[in-house]
Amino acid sequence: MEDTEPRSTAPRSTEPKAADGEDGPPGPPAPDDESGTGGAGGNRDAEGEAEATRRKRRRTRIRRTTIAVLLILLVPLLTAETALRINYMGDPADGTYTRNRDAMWLGHAWVDGRKDDADLAAFARRVKATGIRDLYVHTGPMEHDGTLPKSLYPRARWLVDAVHREMPGVRVQAFLGDVLATESPDGMRLEKAATRAAVVDSARQVLDVGYDGVHLDLEPLHSGDRNYLSLLDDVRAVTRARDAQLSVAAHQIDPLPGFHSFWGTVAGHPKWWSQAFFGQVARRVDQIAVMSYDTMQPLESLYGGYVAQQTALALEATPPTTHLLMGLPFYHENRFGHWNHAETVAAAVRGVRLGLSRTDADRERFGVAAYIDFAATEEDWASYRDGWVR
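Calculation criteria
Residues numbered from 1 in each chain as written. Predicted model: local features only at pLDDT ≥ 70, side-chain atom pairs only at ≥ 80, totals over all residues. Heavy atoms only, no water. Helix = DSSP H or I, 4+ residues; strand = E, 2+ residues; numbered from the N terminus. Buried < 20%, exposed > 50% of the residue type's maximum accessible area, 1.4 Å probe, protein only. Contact = heavy atoms within 4.5 Å. Areas by Shrake-Rupley, 256 points an atom, 1.4 Å probe, with all protein chains shown as cover. Axes fitted to C-alpha atoms, helices over the stretch in contact; angles between N-to-C directions. Parallel < 35°, antiparallel > 145°, perpendicular 65-115°, else oblique. Left-handed = near helix turned anticlockwise from the far one by under 90°. Nonpolar A, V, L, I, M, F, W, Y, C, P; charged D, E, K, R; others polar. Expected span 1.5 Å × (residues − 1).

Enquirer: Which residues make up the overall build of the protein, and what values go with them?
Expert: Within the protein, the secondary structure is distributed over 10 helices and 10 strands. Burial statistics for the protein: of 390 residues in total, 47% are counted as buried. Within the protein, residue pairs in contact and separated by at least 24 positions form 80% of the contacts whose partners lie at least 6 positions apart. Taken as a whole, the protein presents about 19,600 Å² of accessible surface, with 53% of it coming from carbon and sulfur.

Set out below in structure tokens:
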């Protein structure tokens, strides 16, 4: 930056010029002497040039720091996305299709009186030629204290009996959920023993109605939550005594080790579970269904590669005695966490098959779970049938 200080306008010396050959009296140096050795203006010029140099150096340091930060953030991201794209390449192994152990989440309309016999008959026809054997029917939500108002599900008995009659071999599980007070002051607090005991009572309550199992979906559930593990132990004691199923909706697994801690620090929402914690949950339940959607992936190939990775990670952590299901996005939204053009059923199914092929192609207790019935399109059903049911 150029010096902005005004130059001196002081006149030069007015001493008369000496005659030829005479030495005139020495005059004082001019105030704006260009040598800069004595004038105030020269000092200001030097100071301005020094300040301009300092500013230029600061700008250079800022640019270099910005570029370094961008590289630190973008290079790992681009590397990870490239790995997901590569993960989506290749051909699934033969035989990686449905094991007739698939599931589907159903909306609350099935138990509050909005659905009737005609709706069930149509749904039974839809499901008949698929591998769906478990229905997670939204029966809650539970209150924050863990209790479940009976007024929420007046038609539950009708549904269970009708499904058993129209769809032999299909189980109906009560989908019980609530928001946890892990990232906001409002919600269920699993650290309270009374709350956990009330959730156990709610499980008994729905089994008394005739449900074949209990499906818990508590979010956002942070990795390593010991209170959640304790709750699962208590609920499973109840379901085992009734010869019923205990299933859970599970968070995704860290795509990189410890990523949930990093994301929790950056965004305040850990989102993922560690693979070790996923395994701890899987060993305590009969079924674990990964919510493998809402992944923030912008392209179909990246989403499919991500699902392939999640499938492999889940298979590694889940004991063969536990039924593992990978979620399929039978719904359509466009927002930061979920891009409709990227998170397709076709990409999810291909990703599931690739992950299964590379990790445990013969796993018997394995399937997919579709979310959710009321938002599903014909294309979703076709992609599921053509890609997975065969």
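Enquirer: Before we move on, can you summarise the packing of helix H8 (residues 300-317) against helix H9 (residues 345-359) with the specific residues and values?
Expert: Contact pair H8 / H9: the axes reach a minimum separation of 7 Å and the direction vectors enclose 40°. Classified by the angle between their axes, H8 and H9 sit oblique to one another. As for how H8 packs across H9, the hand of that crossing is right-handed. Residues Glu300, Tyr303, Gly304, Val307, Ala308, Thr311, Ala312, Leu315 and Glu316 of H8 pack against Ala347, Ala348, Gly351, Val352, Leu354, Gly355, Leu356, Arg358 and Thr359 of H9. For the contact of H8 with H9, the class distribution of residues is 10 nonpolar, five polar and three charged.

Enquirer: A description of H8 should follow, citing residues and the corresponding values.
Expert: Between its terminal C-alpha atoms H8 stretches 26 Å, which fits the 26 Å expected from 18 residues at 1.5 Å a residue. Judged by how many residues are buried, H8 sits mostly within the fold: 16 of 18 residues are covered.

Enquirer: Could you give an account of the environment of alanine 249, naming the residues involved and the relevant values?
Expert: Inspection of the secondary structure assignment puts alanine 249 in strand E5 (residues 245-250). Relative accessible area serves as the criterion here: at 3%, alanine 249 is assigned to the buried category. Taking the C-alpha atoms as reference points, alanine 249 and alanine 289, separated by 40 residues in sequence, lie 4.9 Å from one another. With near-sequence residues (within four places) excluded, alanine 249 lies in contact with Trp105, His215, Leu216, Asp217, Ala289 and Met291.

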